[in-house]
Amino acid sequence: MNTRPPLPPFTRESAIEKVRLAEDGWNSRDPAKVALAYTLDTQWRNRAEFATNREEAQAFLERKWKKELDYRLIKELWAFTDNRIAVRYAYEWHDDSGNWFRSYGNENWEFEPDGLMKRRFACVNDMPIKAAERLFHWPLGRRPDDHPSLSDLGL
């Protein structure tokens, strides 16, 4: 059986690691790679969209990153239990007309013993921002370790 460490039950340290690994994956903007972190029968609610398997989740991500250009994300642990993690996050992106947004959200995650995510429930709000108001300026890809967190940025 393939596993996706860290595995539940989570400690504070392993939950923080799981959140950072998820952030790194999403910042890759590689739908096929990101989808591998979810069970074959994963269940998602993201805004008004629902996915009931890995294939639908991957298709969602493909649509997302075609629309949300120059996407940069920061996730932060909010709470955790044995096999569940709650995060808050913010990401910045622009549309094909050059309009910038900062999207704020919360997610609740539930994991299987192998470390794959079984359920993902997300609530997201988009706020238009000016390009000069952007706070996430690292090169596309993984957020540098020394970049401020959401809390450090006052978000």
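None of the values given here were measured: they were computed from a predicted structure.

Q: Could you give me a rundown of the packing of aromatic side chains, with the residues and numbers involved?
A: Two measures describe an aromatic ring pair: the distance that separates the ring centres and the angle between the ring planes. In this structure the tally under the stated criterion is eleven aromatic pairs. Following the ring pairs from residue to residue traces out a cluster consisting of Trp26, Tyr38, Trp44, Phe60, Trp65, Tyr71, Tyr89 and Tyr91. Lying across the ring of Trp26, Lys75 places its NZ or CZ 5.3 Å from the centre. The side chain of Arg120 reaches across the aromatic face of Trp44, ending 4.4 Å from its centre.

Q: So what's going on with unusual backbone geometry? Residues and values would help.
A: The amide bond that connects Pro5 to the next residue, Pro6, takes the cis arrangement and shows omega of -5°. You can see Pro6 is positioned in the segment before α1 (12-28). You will see that Arg29, though not glycine, has its phi angle at about 55°, which is positive. Structurally, Arg29 can be placed in the loop between α1 and α2 (31-35).

Rules and cut-offs
Residues numbered from 1 in each chain as written. Predicted model: local features only at pLDDT ≥ 70, side-chain atom pairs only at ≥ 80, totals over all residues. Heavy atoms only, no water. Phe/Tyr/Trp six-rings, centres within 6.5 Å; stacked < 30°, edge-to-face > 60°. Lys NZ or Arg CZ within 6 Å of the ring centre and 35° of its normal. Helix = DSSP H or I, 4+ residues; strand = E, 2+ residues; numbered from the N terminus.

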